[in-house]
Amino acid sequence: MKLIEIAKFVKGELVGDPDIQISGLAKIQSASNGELTFLANPKYGKYLDSTKASAVLISKKQQSPDINHIRVDDPYLSFLEVLSLLYPVKDPDFDGIHTTAVVADTADIGKNVQIGPNVYIGESVKLGDNSVIFPNCVILDNVQIGENCRFYSRVSIREGCRVGNGVIIHDGTVVGSDGFGFAPDGEKYKKIPQMGIVVIEDDVEIGANSTIDRATIGETIIKKGCKIDNLVQIAHNVEIDANTVIAAQTGISGSTKVGKHVIIAGQVGTVGHIEIGDNAILGAKSGISKNVPAGEMWFGYPAMKIMKQKKIEAYLRRLPEMSKKVNKLIKQLEKLEDKLNLIGGEDER
Amino acid sequence: MKLIEIAKFVKGELVGDPDIQISGLAKIQSASNGELTFLANPKYGKYLDSTKASAVLISKKQQSPDINHIRVDDPYLSFLEVLSLLYPVKDPDFDGIHTTAVVADTADIGKNVQIGPNVYIGESVKLGDNSVIFPNCVILDNVQIGENCRFYSRVSIREGCRVGNGVIIHDGTVVGSDGFGFAPDGEKYKKIPQMGIVVIEDDVEIGANSTIDRATIGETIIKKGCKIDNLVQIAHNVEIDANTVIAAQTGISGSTKVGKHVIIAGQVGTVGHIEIGDNAILGAKSGISKNVPAGEMWFGYPAMKIMKQKKIEAYLRRLPEMSKKVNKLIKQLEKLEDKLNLIGGEDER
Amino acid sequence: MKLIEIAKFVKGELVGDPDIQISGLAKIQSASNGELTFLANPKYGKYLDSTKASAVLISKKQQSPDINHIRVDDPYLSFLEVLSLLYPVKDPDFDGIHTTAVVADTADIGKNVQIGPNVYIGESVKLGDNSVIFPNCVILDNVQIGENCRFYSRVSIREGCRVGNGVIIHDGTVVGSDGFGFAPDGEKYKKIPQMGIVVIEDDVEIGANSTIDRATIGETIIKKGCKIDNLVQIAHNVEIDANTVIAAQTGISGSTKVGKHVIIAGQVGTVGHIEIGDNAILGAKSGISKNVPAGEMWFGYPAMKIMKQKKIEAYLRRLPEMSKKVNKLIKQLEKLEDKLNLIGGEDER
């Protein structure tokens with residue numbers, strides 16, 4: 001692709017040779033001849049002079065470098081757009097439904113679908129047009145899956161769950177496993193049947209080896225546009241509202257409601273039956289034991305508002321010093337008492 | 001089913017129309033006509049007047065509402081019993097052993113078994129009567145599995161492990177992977193062979209994508225009636241005694257012994273080679289670094305007895321206040337010293 | 001095997017009957033007649049008199065017990081060597097490439113390879129000599145795998161990733177899933193294409209159900225000899241240098257660099273874009289939020305140098321006591337002020 005074509009595609013201003021051929025993309029410090037790179041973070045500015053890239057995407061606010069460049073509003077976003085253009089995600093070719101896939105006769109399979117080797121699709125499953133199911137996935141009876149979905153290898157969807165359009169699920173993730181519910185029965189526990197389902201709305205993405213449990217009754221629900229990372233646990237009857245982001249190894253306990261556009265960092269845990277308000281932010285490894293109001297940023301274990309937590313942490317670091325102060329005070333006070341007794345001894349008489 | 005039949009089934013006292021037809025179950029706030037609901041938690045009492053349910057299970061202690069109801073000792077347990085009655089867990093039908101399953105000739109398969117598509121069952125495996133193996137499970141040589149077990153899709157059982165009767169394992173869980181054992185060998189590490197097995201006793205349930213490592217020598221053992229959630233890690237040579245419950249994302253390190261009827265919340269971690277006593281309770285996200293005596297409740301990181309931990313946390317929250325007090329004391333003492341020097345200045349002479 | 005043969009194999013000094021037959025290995029407290037055991041940890045010395053083992057491996061520094069024994073430098077290491085000798089890890093026999101495996105015509109499969117049932121191997125995959133792929137693994141297009149590798153059941157390797165020689169990967173682990181990258185787009189998020197790969201060098205071992213994400217651009221890399229446990233998350237663009245050990249349920253965030261020969265305990269989390277120096281040690285459950293210098297041991301949440309952390313923890317435990325001291329000081333000071341006002345009241349006039 002010529003540099004001028006890329007400039008047009010990202011609606012940027014080209015400075016330099018419009019006819020140069022761009023054959024690939026790379027980071028500024030490792031780019032070579034024929035490649036396009038970008039400068040977004042100022043700390044990488046030092047590489048501008050030495051980069052071997054043939055052209056660079058830079059911010060309109062930036063001074064012009066000596067090499068070919070395209071001036072844009074946001075160099076990183078433009079770079080990603082070119083990336084998606086040059087390396088489109090390729091659909092696999094499993095000959096439509098692979099001969100080794102086991103698909104129930106009652107399944108309703110859409111047009112232009114790819115179903116990989118050793119996939120199992122149960123009775124009355126609905127699979128929408130243009131969806132791709134990689135090898136060794138297991139989709140049980142009565143599951144409904146929308147259009148343009150992509151399930152990577154070895155995904156499980158348990159019976160009756162519903163998945164919207166444009167949903168991406170990565171390898172090994174389990175949707176609809178039984179919620180963890182047991183009623184005490186003397187020393188033993190009795191299983192509480194988990195009769196509900198999981199509903200995943202449009203444009204959700206879920207990472208690898210995560211687990212999303214079905215509801216006891218009703219639905220565990222992940223709303224439109226949520227993005228969930230690897231090894232995340234979502235318990236039964238949890239509700240996660242639209243466009244919330246959850247990083248790896250976080251766990252949300254049963255019946256907790258998470259608002260819209262919340263950001264939850266990695267390894268966070270919440271107790272059950274609480275509410276996390278819209279636009280809240282939960283810091284990494286936080287242990288959330290109560291409701292978090294909308295828009296607040298919480299952190300710590302047990303978690304509290306981050307300003308409060310940071311303040312306490314600062315005092316904590318100065319605890320050895322404070323202890324010294326107190327011990328010094330005790331000594332000074334003793335001395336003072338002795339002195340006072342010496343001067344005004346009359347009280348003791 | 002008629003309401004009177006349900007009342008008899010739960011041994012409750014019916015107040016209202018005995019002939020009403022119940023076609024389903026639902027939560028009190030979302031139930032509709034023809035459905036049975038329950039009231040267990042008083043905070044849902046407000047829905048009693050407005051619910052569209054045709055009948056409600058309530059506590060014998062509760063005042064009678066205007067709608068049809070059945071009075072029972074424990075409305076939630078009765079509700080679960082009706083739930084299990086109306087929605088029994090259905091066994092899948094894979095035509096017995098599915099044609100795409102690969103089962104070794106030397107495997108000993110019981111009666112009335114279902115083995116799903118793309119399952120692999122190795123040499124000399126024993127599988128008891130009435131057990132169900134969902135698609136894409138992998139069961140290696142010499143594994144023994146009891147009766148009435150249910151392994152959901154994509155479960156792995158490594159060679160030689162033993163599983164009792166009535167065991168449920170959810171999708172993606174791995175039983176018998178190598179323990180994490182390496183001996184330093186200069187800068188490198190040398191693998192310590194993991195020659196032991198995993199033993200899972202009767203009526204254990206294990207969630208999705210959990211991992212239970214085989215022992216170095218001997219057995220990693222999960223005793224009768226234990227309930228283990230999703231994404232839990234049980235390391236080599238761990239012993240977990242009967243009826244212990246472990247919530248999601250917890251990790252138990254090598255050779256640790258967990259007692260009977262222990263409750264371990266989510267995201268807990270224990271070091272190796274310690275003992276958790278019978279009936280102990282470990283709070284969410286605790287980091288357990290030493291033995292926990294029987295019956296005690298521990299919490300925190302590092303964990304200690306919960307009363308002690310909560311006390312320290314309370315002081316911690318008041319740390320800024322205490323710091324102010326100390327600084328005020330310092331100033332007051334200075335003033336006092338000045339004053340004293342003014343009065344009894346003779347010492348300084 | 002005769003005891004004298006074992007003594008020669010471990011280059012130890014035999015004391016006792018050289019012709020005794022050893023048929024197995026066991027722990028000192030549970031060994032029976034015909035078995036060899038070892039004594040490494042002095043706290044097990046009490047079992048020396050009562051063990052039913054036919055012989056014991058002991059340290060050269062140890063006094064000679066009454067039973068047959070072999071004196072060696074390191075009894076545990078010698079025991080492991082005998083263990084590996086008597087119980088070699090057996091390769092499975094899937095008849096070479098099992099008839100139910102789906103292997104693309106363009107795949108380049110080495111000599112003496114075992115590929116299990118229901119495995120999928122994509123276009124242009126390279127698999128080296130003597131490697132073993134257990135059932136239901138999925139290896140996508142253009143993956144390169146070296147010699148003498150062993151992938152247990154249900155491992156996924158996404159397209160284009162590269163794996164060295166002698167690599168062991170346990171059940172359910174995912175290599176090359178998309179990194180967690182999204183650019184804000186109003187209230188929604190836009191997927192950032194993850195175009196890079198994962199590179200795993202020689203002699204790495206990865207546990208069960210772990211996840212290693214592919215780089216956005218370039219490589220996520222795990223260098224020679226690293227040992228990674230179960231349920232570990234390695235994010236996109238992470239670099240882990242040679243011979244580093246990472247215990248279960250730890251998560252390393254995007255673009256973080258971990259040095260050589262680092263030891264990371266279980267359930268640790270690191271933020272992204274930091275560096276952990278060579279030979280550093282990160283204690284269990286630590287939350288690492290900044291660079292850790294080479295050779296240092298860190299602990300806690302937020303983590304700091306362990307000596308500092310332990311000091312603060314000690315002060316923390318004494319916080320209730322310190323609070324009492326401060327309150328006592330306040331009272332004493334009040335009394336003192338009263339007393340002083342009584343004596344030297346003149347100031348107040």
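Residues numbered from 1 in each chain as written. Chains lettered and ligands numbered in written order. Predicted model: local features only at pLDDT ≥ 70, side-chain atom pairs only at ≥ 80, totals over all residues. Heavy atoms only, no water.

Novice: Just checking my understanding: could you explain the overall build of chain A for this structure?
Specialist: Scanning chain A from terminus to terminus reveals 4 helices and 37 strands. Whereas a compact globule of 349 residues would reach a radius of gyration of roughly 20 Å, chain A reaches 29 Å, over 25% beyond that. Principal-axis analysis of the C-alpha atoms gives chain A an extent of 105 × 75 × 30 Å. The 349 residues of chain A split such that 57% are buried. Counting only contacts in chain A whose residues sit at least 6 apart along the sequence, the fraction spanning at least 24 positions is 18%. Entry remark: accessible area of chain A is about 14600 Å², with carbon and sulfur atoms responsible for 48%. (Helix = DSSP H or I, 4+ residues; strand = E, 2+ residues; numbered from the N terminus. Rg over C-alpha atoms; globule rule 2.2 N^0.38 Å. Buried < 20%, exposed > 50% of the residue type's maximum accessible area, 1.4 Å probe, protein only. Contact = heavy atoms within 4.5 Å. Areas by Shrake-Rupley, 256 points an atom, 1.4 Å probe, with all protein chains shown as cover.)

Novice: Honestly, the interface of chain A and chain B in this entry has me stumped. Any pointers?
Specialist: How big an interface is tends to be stated in terms of the accessible area lost upon association of its parts. Listed as interface residues are 67 residues of chain A and, on the opposing side, 68 residues of chain B. Of the roughly 5300 Å² buried between chain A and chain B, counting both surfaces, carbon and sulfur atoms make up 67%. Contact with chain B buries surface across chain A, with A:Phe180, A:Tyr189 and A:Tyr301 losing the most and accounting together for 14% of the total. Where chain A packs against chain B, one counts 2 salt bridges. We note a salt bridge from B:Glu81 to A:Lys190, for which the minimum N-O separation is 3.9 Å. At the junction of chain A with chain B, the criterion picks out 26 residue pairs in polar contact (both at pLDDT 80 or more). Breaking the side of chain A that touches chain B down by element, the ones donating at least two residues are strand 18 (174-177), strand 19 (182-185), strand 20 (188-191), strand 23 (211-213), helix 3 (306-317) and helix 4 (319-343) of chain A. (Buried area = accessible area lost by both parts, 1.4 Å probe. Salt bridge = Lys/Arg side-chain N within 4 Å of Asp/Glu carboxyl O. Polar contact = N/O pair within 3.5 Å; in protein donor to acceptor, adjacent residues only side chain to side chain.)

Novice: It is not clear to me how the sheet that holds strand 24 (residues 219-222) of chain B should be interpreted in this structure. Could you clarify?
Specialist: Adjacent strands of a sheet pair through backbone hydrogen bonds, lying either parallel or antiparallel. Residue and element names in this part refer to chain B. The strand order across the open sheet formed by 9 strands is 7-10-13-16-21-24-27-30-33, and the pairing between neighbours is parallel. In the strand order of this sheet, the two ends are held by strand 7 (108-109) and strand 33 (275-276), each with one partner. Pairing geometry for strand 27 (residues 239-240) and strand 30 (residues 257-258), over 2 bridges, is parallel. The residue of strand 30 that forms the bridge with Glu-239 is Lys-257. (Pairing = 2+ DSSP bridges.)

Novice: Could you clarify how one ought to interpret the side chain of C:Arg150 in this entry?
Specialist: Residue and element names in this part refer to chain C. With respect to the helices and strands, the residue Arg-150 is situated in strand 14 (residues 150-151). One polar contact links Arg-150 to Asp-91, side chain to side chain, over a distance of 2.3 Å. For Arg-150, the residues in contact, after removing those within four places along its chain, are Val-89, Lys-90, Asp-91, Pro-92, Val-132, Phe-134, Val-167, Ile-168 and Ile-169.

Novice: What's the story with empty space enclosed by the protein in this structure? I'm lost.
Specialist: Summary: where empty space remains is shown by rolling a probe the size of a single water molecule over the atoms. Taken as a whole and assessed by the stated rule, the structure comprises 4 cavities of 30 Å³ or more. Put simply, the largest cavity is a space of about 260 Å³. For the lining of the largest cavity, a count of residues per class yields 6 nonpolar, 6 polar and 3 charged. (1 Å grid on protein atoms, 1.4 Å probe; cavity = no way out; pocket = protein on both sides within 12 Å on 5 of 7 lines; lining within 4 Å. Points joined across faces, edges and corners; volume = space filled by probe spheres on them. Nonpolar A, V, L, I, M, F, W, Y, C, P; charged D, E, K, R; others polar.)

Novice: Explain the interface of chain C and chain A to me, please; I cannot follow it from the model alone.
Specialist: Tallying the contact residues gives 67 residues for chain C and 68 residues for chain A. Here chain C meets chain A over a buried area of about 5300 Å², counting both sides, of which 67% is carbon and sulfur. Counting the surface chain C buries against chain A, the share from its top three residues, C:Phe180, C:Tyr189 and C:Tyr301, is 14%. On the surface where chain C and chain A come into contact, there are 2 salt bridges. At the boundary of chain C and chain A, one finds 26 residue pairs in polar contact (both at pLDDT 80 or more). At the level of elements, strand 18 (174-177), strand 19 (182-185), strand 20 (188-191), strand 23 (211-213), helix 3 (306-317) and helix 4 (319-343) of chain C are the ones that each hand at least two residues to the side of chain C that touches chain A. Here the residues of the side of chain C that touches chain A are counted per class, giving 33 nonpolar, 22 polar and 12 charged.

Novice: Sorry, what's going on with the relation of the copies chain A and chain B here?
Specialist: Copies of the same chain, two in number, are related to each other by a rotation about an axis and a translation along it. For the pair chain A and chain B, the best superposition has an RMSD of 0.1 Å and corresponds to a rotation of 120° with a translation of 0.0 Å parallel to the axis. Seen this way, the second copy is the image of the first under a three-fold rotation axis. (Least-squares fit on C-alpha atoms with pLDDT ≥ 70 in both.)

Novice: Mind showing me how you'd approach helix 2 (residues 75-86) of chain A here?
Specialist: Each α-helix turn comprises 3.6 residues. Residues three or four places apart therefore point the same way. Over its 12 residues, helix 2 of chain A extends 16 Å from the first C-alpha to the last, a length consistent with the 16 Å expected when each residue adds 1.5 Å. Its side-chain oxygen 3.1 Å from the backbone nitrogen of A:Tyr76, A:Asp74 forms the N-cap of helix 2 of chain A. (Expected span 1.5 Å × (residues − 1).)

Novice: Can you walk me through the pattern of salt bridges in this structure?
Specialist: Oppositely charged side chains are able to pair whenever their charged atoms sit close together. Per the stated rule, a full pass over the model turns up 36 salt bridges over all chains. Note that A:Lys191 is salt-bridged to A:Asp178, the shortest N-O span being 2.8 Å. Placement of the pair is A:Lys191 in strand 20 and A:Asp178 in the loop between strand 18 and strand 19, with a sequence separation of 13 residues. Take A:Asp178: its relative accessible area is 8%, and that puts it in the buried class. B:Glu296 is the salt-bridge partner of B:Lys305, the closest N and O atoms lying 3.6 Å from each other. Here B:Lys305 falls in the partly exposed class, since its relative accessible area comes to 42%. Through salt bridges that share partners, A:Arg158, A:Glu159, A:Asp178, A:Lys191, A:Arg214 and B:Glu205 make up one connected network.

Novice: Honestly, a negative patch on the surface in this entry has me stumped. Any pointers?
Specialist: Negative charge collects at one region of the surface, where A:Asp93, A:Asp95, C:Asp105 and C:Glu123 lie side by side. Within the element layout of this structure, C:Asp105 appears in the loop between strand 6 (102-103) and strand 7 (108-109). Overall, C:Asp105 belongs to the exposed group, its relative accessible area being 80%. (Patch = residues over 30% accessible without salt bridge, like charges linked within 9 Å, V, L, I, M, F, W, Y side chains within 5 Å. Lys, Arg positive; Asp, Glu negative; His and termini not counted. Charge placed at Lys NZ, Arg CZ, Asp CG, Glu CD.)

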